[in-house]
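Per-entry structural report
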Amino acid sequence: MKKLDVIIVGGGLAGTVLAWHLRELDQSFLIFDNPERPSSSRVAGGLFNPVTGKYLAKTWLVEELFEYLTPFYNNIENQTGSSFFHKIGLHRPFSGQAHKESALAQLDKHDLKDWVSVENKDLGKAFASEGEGLFSENAGYLDLPVFLDASKAFFMNQIREEEFQIKELLWDEAGVQYKDVSASKIIFCDGWAGTGNAYFSWLPFNPVKGETLVGKVQDYEANFIVNQGKWIIPLGEGRARLGATYSWHELDFLPSEKARLDLLEAGSKILQVPFQVEEQHAGVRPATKDRRPFVGFHPVHKNLGIFNGLGAKGVSLAPYFGRQLARKIVYGEVIQPEANIERFYTLYS
Ligand SMILES: Cc1cc2nc3c(=O)[nH]c(=O)nc-3n(C[C@H](O)[C@H](O)[C@H](O)COP(=O)(O)OP(=O)(O)OC[C@H]3O[C@@H](n4cnc5c(N)ncnc54)[C@H](O)[C@@H]3O)c2cc1C
């Protein structure tokens, strides 16, 4: 029997970020990840952005999350020798005088001066707007497939690429046992599949389907993200990613004609040249009803934990809460109450 500190189920963003933190705390772990299953991390845009939404709101816990993001991902880039954390900034061009005035009013009202500034950017020929707008220099994107593949290669001997059969899990006061492995704890990082997890499906998930397009844009020069309702991320060599849609229906990983048309229509308002589609990606964000993550331990089976519910902001949330969960496991430290699943214990029966 192989004895470990932690079994991790799921090798998407949540499971991988948790694994890096456990490694830092000298914990032994094994990740089960079935590559045949769809993963929302593999199709995500990967944006991190301190100020979001139409009304320019600061991301929840913006100071804490953004102080830790860059050193966390940079450190993994150094350890794996790869490049995936692209802090290239995000620009929101003003669409006209009225938009400019309302954006400046929001800037004052929400005290955003530390996070966005009025700048005149050279958007090049592809964009319809003039260059003046609000720029967030702390924004950018994580190339999630590159991050996941680099981590997978690094943890080569700590991953089993197979389905975790939840029915074969045994547990008692001392820990858990699964086939030939025993561990003190098991943490489910199974993303959207968590909605059907025998131990955690009682949690109030609110999954949201999302789609993006990748394609070519003639004369594309901007080397930062442009956001005008939808965002466009430069991928180099005239390629860009356009996203994303939100749908609470048809929760599957299948690209739809409707999303493609909606994105192209939005893109045609931002760009003055056609977006030539090469790829379309679809996935389901593991979002929650109260828009806060699910972090913590089962109300009855105390060695069974969860790290899920990262929703549309997984790249920003995962490092901060992955660290909290790892430190809870090792030192018994506190998990932020708004994220701790203890807030829903009354729903469990
Ligand atoms: C179109 C789209 C755009 C997005 N854009 C952004 C964005 O710009 N910025 C941002 O921060 N977030 C974005 N997101 C959200 C982001 O993808 C998620 O927050 C995050 O990736 C969730 O990671 P996860 O590890 O919880 O889930 P997943 O990435 O889905 O990982 C779950 C893993 O568990 C594995 N698994 C499940 N059950 C089992 C089992 N029984 N046995 C073995 N393996 C199992 C699966 O194979 C999978 O690898 C977007 C999502 C979508 C769909």
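These numbers were taken from a predicted model, which means no experiment stands behind them. (Residues numbered from 1 in each chain as written. Predicted model: local features only at pLDDT ≥ 70, side-chain atom pairs only at ≥ 80, totals over all residues. Heavy atoms only, no water.)

1. Re the overall build of the chain
- Per the secondary structure count, the chain includes six helices and 21 strands.
- A compact globule built from 349 residues should have a C-alpha radius of gyration of about 20 Å, and the chain, at 21 Å, falls within 12% of that.
- By its C-alpha atoms, the chain is 65 × 40 × 40 Å across when sized along the principal axes.
- Buried positions account for 53% of the 349 residues belonging to the chain.
- In the chain, of all internal contacts separated by at least 6 residues, the share reaching a separation of at least 24 is 73%.
- Carbon and sulfur atoms provide 48% of the accessible area of the chain, an area that totals close to 16100 Å².
- Counting 37 positive and 43 negative side-chain charges, the chain places the averaged centre of each group 3 Å from the other. (Helix = DSSP H or I, 4+ residues; strand = E, 2+ residues; numbered from the N terminus. Rg over C-alpha atoms; globule rule 2.2 N^0.38 Å. Buried < 20%, exposed > 50% of the residue type's maximum accessible area, 1.4 Å probe, protein only. Contact = heavy atoms within 4.5 Å. Areas by Shrake-Rupley, 256 points an atom, 1.4 Å probe, with all protein chains shown as cover. Lys, Arg positive; Asp, Glu negative; His and termini not counted. Charge placed at Lys NZ, Arg CZ, Asp CG, Glu CD.)

2. A closer look at the site of the ligand
- Near the ligand there are 37 residues, and of these Asp33, Ser41, Leu47, Phe164 and Gly311 occur at the shortest range.
- One of the backbone N or O atoms of leucine 47 is found 2.8 Å from an oxygen atom in the ligand.
- Residue glutamate 163 places a side-chain N or O atom 3.3 Å away from a nitrogen atom belonging to the ligand.
- Burial of the ligand by the protein amounts to 96% of the accessible area it has alone, namely 1000 Å².
- For the shell around the ligand, the secondary structure elements donating two or more residues are helix 1 (13-24), strand 15 (208-217), strand 19 (275-285) and helix 6 (314-331).
- Looking at the shell around the ligand residue by residue, the classes come out as 14 nonpolar, 15 polar and eight charged.
- Residues from two domains meet in the shell around the ligand; each of domain 1 (2-43 + 145-204 + 289-347) and domain 2 (90-137 + 208-285) gives at least three. (Near = heavy atom within 4 Å. Polar contact = N/O pair within 3.5 Å; in protein donor to acceptor, adjacent residues only side chain to side chain. Nonpolar A, V, L, I, M, F, W, Y, C, P; charged D, E, K, R; others polar. Domains from an automatic or database assignment.)

3. Overview of the sheet that holds strand 3 (residues 47-48)
- One open sheet accounts for three strands, arranged 3-10-6; its pairing is antiparallel. Edge positions in the sheet fall to strand 3 and strand 6 (85-86), since each has one partner strand and no second.
- With two bridges connecting them, strand 6 and strand 10 (residues 140-142) associate as antiparallel partners. Looking across to strand 10, one finds that histidine 86 is bridged to tyrosine 141. (Pairing = 2+ DSSP bridges.)

4. Remarks on the domain arrangement of the chain
- Partitioning the chain into domains gives domain 1 (2-43 + 145-204 + 289-347) and domain 2 (90-137 + 208-285).
- Once you take the C-alpha centre of each, domain 1 and domain 2 turn out to be 32 Å apart.
- Contact residues are listed per partner, giving seven residues for domain 1 and ten residues for domain 2.
- When the two sides are added together, the surface that domain 1 and domain 2 hide from each other amounts to roughly 710 Å², 72% of it contributed by carbon and sulfur.
- At the junction of domain 1 with domain 2, the criterion picks out zero salt bridges.
- Summed over the shared surface of domain 1 and domain 2, the result is zero residue pairs in polar contact (both at pLDDT 80 or more).
- Classifying every residue of the side of domain 1 that touches domain 2 gives four nonpolar, three polar and no charged. (Buried area = accessible area lost by both parts, 1.4 Å probe. Salt bridge = Lys/Arg side-chain N within 4 Å of Asp/Glu carboxyl O.)

5. Section: the sheet that holds strand 9 (residues 132-136)
- Strand order in the open sheet formed by eight strands is 8-9-7-16-17-18-15-19, and the pairing between neighbours is mixed. Each end of this open sheet is capped by a strand with a single partner; those strands are strand 8 (117-120) and strand 19. Across the sheet, the mean angle from the axis of one strand to that of its neighbour is 30°, orientation sign disregarded.
- Together, strand 15, strand 16 (225-228), strand 17 (230-236), strand 18 (239-243) and strand 19 form the strand contacts of helix 5 (residues 257-270), whose direction differs from that of strand 15 by roughly 55°. (Axes fitted to C-alpha atoms, helices over the stretch in contact; angles between N-to-C directions.)

6. Quick notes on the layout of surface pockets
- Taken as a whole, the second largest pocket encloses approximately 180 Å³ of empty space.
- Contributing to the lining of the second largest pocket are Arg42, Ala44, Gly45, Tyr141, Leu142, Asp143, Leu144, Pro145, Leu235, Arg241 and His281.
- Split by residue class, the lining of the second largest pocket holds six nonpolar, two polar and three charged. (1 Å grid on protein atoms, 1.4 Å probe; cavity = no way out; pocket = protein on both sides within 12 Å on 5 of 7 lines; lining within 4 Å. Points joined across faces, edges and corners; volume = space filled by probe spheres on them.)

7. Description of the UniProt feature "domain: FAD dependent oxidoreductase" (unreviewed entry) in the chain
- Within this numbering scheme, the UniProt entry marks residues 5-327 as carrying the feature "domain: FAD dependent oxidoreductase" (unreviewed entry).
- With 26% helix and 29% strand, the stretch residues 5-327 has end C-alpha atoms that lie 13 Å from each other. (UniProt positions renumbered as here; feature names shortened; annotations may be inferred.)

8. Overview of the pattern of salt bridges
- Taken as a whole and judged by the stated rule, the model has 17 salt bridges.
- Ionic pairing is found between lysine 258 and aspartate 262, a salt bridge with its closest N-O pair at 2.7 Å. Of this pair, lysine 258 and aspartate 262 both sit in helix 5, four residues apart, which is roughly one turn of the helix.
- A relative accessible area of 59% places lysine 258 in the exposed class.
- Judged by relative accessible area, aspartate 262 falls into the partly exposed class, the value being 33%.
- Across the pair aspartate 290 and arginine 343 runs a salt bridge, and its minimum N-O distance is 2.8 Å. Residue aspartate 290 is found in the loop between strand 19 and strand 20 (294-297), and its partner arginine 343 is found in the segment after helix 6; the two are separated by 53 residues along the sequence.
- On the accessibility criterion, aspartate 290 (32% relative accessible area) is partly exposed.
- What makes arginine 343 partly exposed here is its relative accessible area of 24%.
- If you follow the salt bridges from partner to partner, you end up with Lys216, Arg239, Glu278 and Glu279 in one network.

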